[in-house]
Amino acid sequence: MFMPGANPAMLRDAGLYGADSLMFDLEDAVSITEKDTARALVHFALKTFDYGDTETIVRINDLNTVGKLDIDAVVRAGVDVVRLPKTETAQDVIDADEVITEVEKACGREVGSTGIFAAIESAEGVLNALSIATASPRVRGIALGAEDYVTNLKTQRAYGDNMQLYFAREMILHAARTAGVAAVDTVYSDVDNMDGFRAEVEHIKTLGFDGKSVINPRQIPVVNDVYAPTEKEIQKAKEIVWAAREAEEKGLGVISVRGKMVDKPVIARAERTIMLAKVSGLIGEEDL
Amino acid sequence: MGRTGGRAPGIGVILSMELKQQAVAGTAESSDIMVTIDPVGGDAVEISLDSSVEKAFGDRIREVIAETLKNLGVTGVKVTAVDKGALDCTVQARTIAAVYRAAGTAGEFDWKEIDAWNA
Amino acid sequence: MATNNIGREIPDVYAEQFGTYGSEFENVKPYSAAAKTVCPRKPGESKLLDSIHDAIVKTGIKDGMTISFHHHFREGDYVMNMVLDEIARMGIKDISIAPSSIANVHEPLIDHIKNGVVTHITSSGLRDKLGAAISAGIMDEPVIIRSHGGRARAIERGDIHIDVAFLGAPCCDEYGNANGFEGPSACGSLGYALMDAKYADQVVLVTDNLVPYINTKISIPQSEVDYVVKVDAIGDPKGIAKGATRFTKNPKELIIAEYAAKVMMASPYFKPGFSFQTGTGGASLAVTRFLREGMIKKDVKASFALGGITNSMVELLDEGLVGAITDVQDFDTPSGASLARNATHLEIDASMYASPLSKGAMVNRLDMVILSALEIDTDFNVNVITGSDGVIRGASGGHCDAAAGSKMAIICAPLIRGRIPTVVDKVTTVVTPGSSIDVLVTEVGIAVNPARTDLIEAFKSLNVPQFTIEELRDRAYAIVGEPKPIEFGDKTVALIEYRDGTLIDAVRNCK
């Protein structure tokens, strides 16, 4: 979930709404005159508030402006992931990687423990998606930032049109899958249109995205709902995972469930289903 | 780090920030505090607080501001704070941001030092 | 100092006078209803008077009397200020006032108190500057805070004896037939005023909309009315509509509302013919909307909706999802208009709404109610009257009445407001005892009263995070820190009556 880094109440409440990761924005959501104060707020928020297992991300400013100061503030505060805005090339990632490494060393944090999330928000970035995704071992995921991207393409968002972002989404998905990192879809700005939002989430889930960026807590239950597996899917996945465990214990090469042979991608999908069911609160550890 | 790297003192070294101008940080929104720093010279530290939660947390907020100023090595200052229910960490963030602004080094926080206070 | 059954300290003098709270229904027993003195009318006599001044002269108001008002105009009320200003001008002192509630607009009361014109007050609540002044101790006698059902009971049993009631009447004829839903100052139901009309010795209707005899839509009948005064304006329509709450976009309130609706629908009471009250707090309109979706999806219709009414309930009535609305007060213009047009939208008085000593109040028939809280403690006691600084700023309303009568009372409140925790060790002031409260809904999850093992069982598979109330308190304190206890003085500035007339708490002056 995106939220402005300049708002103390939102920073305090961010953990309440069940988002998988929280992204505090120091970039576009913070006016140029409040970059310093927001940086301090986010630093203290990260150090103070208990966000539990939720992943914390901070979107920093461009390294050529105050991005380095942002990295210093948030890496020291223990942020999980630094989100780079408007990533155009692999070099952007490498530059950020170097700054992060420097701060990690300076503050005694394990080098490499801070992740990078690269937001791709331009035509050039989309075409470089694979090299961006593979530019550093820190890269945890790549995401489409559609608002800037469509502007760059000289058009504007057309909600409900599944073709408009098709190329960018596929490029990012393919790059992410090749690099073995997460692919996260862009935000849906019309917070009052819950039906449109749900349709878009269903669409990007079908494409293969790992998740969706949200800008309002109200959108979270929709994403969780769409991504939550059905009872039938969970049951099937459980059977497959159990069979796989059993096969492993017995050293069997071939796994079969209900007389049907099951191969590796099916097991991987089943494991993912179980993981989603767990995070959706549909099953507990004891169910496995 | 970067521009701050050159003069970052080690842990335990008391900063002494020189205030050059009046500065403000924070907003009047709920859960925030607006901190105004006025360099007045001398050694005194004067804090005047107007808080929507004065009875429950007024003393605590004044204590956090005073401690933060002490840690930053700031004296000769008048602080005017208007609070709308800010938490301790917000009070600290706003006070520090205002002092750095007043010192003409806005945003170049010495986190190594600052984090050492709360360790 | 006496201690009541929930551990609250009540000064001996008041404990003796009122009795101390024991349990919810122990004082619900037979009694003799209050009587009134009636001045009957002969043919040919007019009731019409030219001014408030004439009404005060004619009714013979003198030092030490009790007069009353209704609060259906909320922040738009002109009547109470008009009458008290005139009483003050005429040099009358030591007046007791018994309005159904008091709004910010009644700030001039402060001067009337200081000048000795008003010496006793009973009300549902006190707001802003008046609340602060009372909390500072400007009155010699404590204000008696009564719930809406408690006020009805007090009037029925004679605990409050009203000498003269001045009732704003938005639509009225010269002989005193009146309703509240027509005219420039329309407010909808006159539910609270109906009590005063029935029980006061003398009733003065104050109107800005005199219609030809006979006004055929009658809420207050001529047979209960002594005088009619025509004035330029009895209320400010903008202020009257101030009770209107817009559908919230606040994500916290929406989450609370969604959880609350889920709790309602997962309860054993959600079945065809159920009944509910959702009130007007921040989340309540949204609760009604989420509930509506569930009712449609599961094809469950309600028999009636109760209480203070908003447009969101009228929509349910118009859609046929609710069989009837029983309405003691309207919070917006559309709900008042519905009362005029819908045969199944019924105006009820405060006694029928909530009195514990009526022959059966609507709250007794209520399945579920949504209520708010300024504070709730780990015993589920609720405070809706004093702020975190100990100053009186809220109103009792129908809180303890609906909570006691309903099968499931749900408190909707954020875990914290700014830096102030809502879930606390001990509430500053108890208005509703924890034994009446069944579920607390916050934005982080719910807590069910451990006494309700049946509900805990019913909610086992409910997809809402569940905690003990102690866990919720700990979460709140972890975020904001533990607040410094409020320092009170020794003077009792308000007595909190439970609906049966015993004292559930007392409020001391603020230092």
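Residues numbered from 1 in each chain as written. Chains lettered and ligands numbered in written order. Predicted model: local features only at pLDDT ≥ 70, side-chain atom pairs only at ≥ 80, totals over all residues.

Draft legend 1. Geometry of helix α3 (residues 67-76) of chain A. Burial runs high along α3 of chain A: 10 of the 10 residues are buried. At its buried positions, α3 of chain A is contacted by α2 (35-48), β3 (55-59), β4 (81-84) and α4 (90-107) of chain A together with α3 (111-118) of chain B. One or two steps after α3 of chain A, the chain reaches Gly 78 of chain A, where phi turns positive at roughly 90°. (Buried ≥ 20, exposed ≤ 12 C-beta atoms within 10 Å, placed from the backbone. Helix = DSSP H or I, 4+ residues; strand = E, 2+ residues; numbered from the N terminus. Contact = placed C-beta atoms within 7 Å.)

Draft legend 2. Quick look at the domain arrangement of chain A. Per the domain assignment, the segments of chain A are domain 1 (2-227) and domain 2 (231-287). Between the C-alpha centres of domain 1 of chain A and domain 2 of chain A there is a distance of 31 Å. (Domains from an automatic or database assignment.)

Draft legend 3. The arrangement of the sheet that holds strand β16 (residues 345-347) of chain C in detail. Residues and elements named next belong to chain C. Taken together, 9 strands build an open sheet; the order of strands is β16-β15-β14-β13-β17-β20-β24-β25-β26 and the sheet is mixed. Bordering the open sheet on either side are β16 and β26 (466-467), each of which pairs with just one other strand. Where strand β25 (residues 446-448) meets β26, 2 bridges bridge the pair, whose relative direction is parallel. Of the residues in β26, the one forming a bridge with Ile 446 is Gln 466. The strands touched by helix α9 (residues 251-266) are β17 (368-371), β20 (408-412), β24 (439-441) and β25; relative to β24, the strand with the most contacts, the crossing angle is about 150°. (Pairing = 2+ DSSP bridges. Axes fitted to C-alpha atoms, helices over the stretch in contact; angles between N-to-C directions.)

Draft legend 4. Representation of the interface of chain B and chain C within the structure. At the junction of the two partners, chain B supplies 14 residues and chain C supplies 10 residues. Among the residues making up the side of chain B that touches chain C, the classes are represented as 5 nonpolar, 4 polar and 5 charged. (Nonpolar A, V, L, I, M, F, W, Y, C, P; charged D, E, K, R; others polar.)

Draft legend 5. Spotlight on the packing of helix α1 (residues 54-72) of chain B against helix α2 (residues 88-102) of chain B. All names here are of chain B. Contact geometry of α1 with α2 gives a least axis separation of 9 Å together with a crossing angle of 40°. Taken together, the axes of α1 and α2 lie oblique to each other. Relative to α2, α1 is oriented so that their crossing is right-handed. The residues of α2 that touch α1, namely those facing Ile 61, Val 64, Ile 65, Thr 68, Leu 69 and Leu 72, are Asp 88, Val 91, Gln 92, Thr 95, Ile 96 and Val 99. The class makeup of the residues in the contact of α1 with α2 is 8 nonpolar, 3 polar and 1 charged. (Parallel < 35°, antiparallel > 145°, perpendicular 65-115°, else oblique. Left-handed = near helix turned anticlockwise from the far one by under 90°.)

Draft legend 6. Spatial organisation of the sheet that holds strand β27 (residues 488-497) of chain C. All names here are of chain C. Strand order across the open sheet formed by 10 strands is β3-β12-β11-β8-β4-β5-β6-β7-β27-β28, with mixed pairing between neighbours. Each of the sheet's edge strands pairs with one partner strand only, and the pair in question is β3 (48-49) and β28 (503-510). With 2 bridges joining them, β3 and strand β12 (residues 227-230) adopt parallel strand pairing. From the neighbouring strand, Leu 48 faces β12, where its bridge partner is Val 228. Where helix α5 (residues 128-136) meets the sheet, it contacts β7 (143-145), β27 and β28, and its direction lies at approximately 85° from that of β28.

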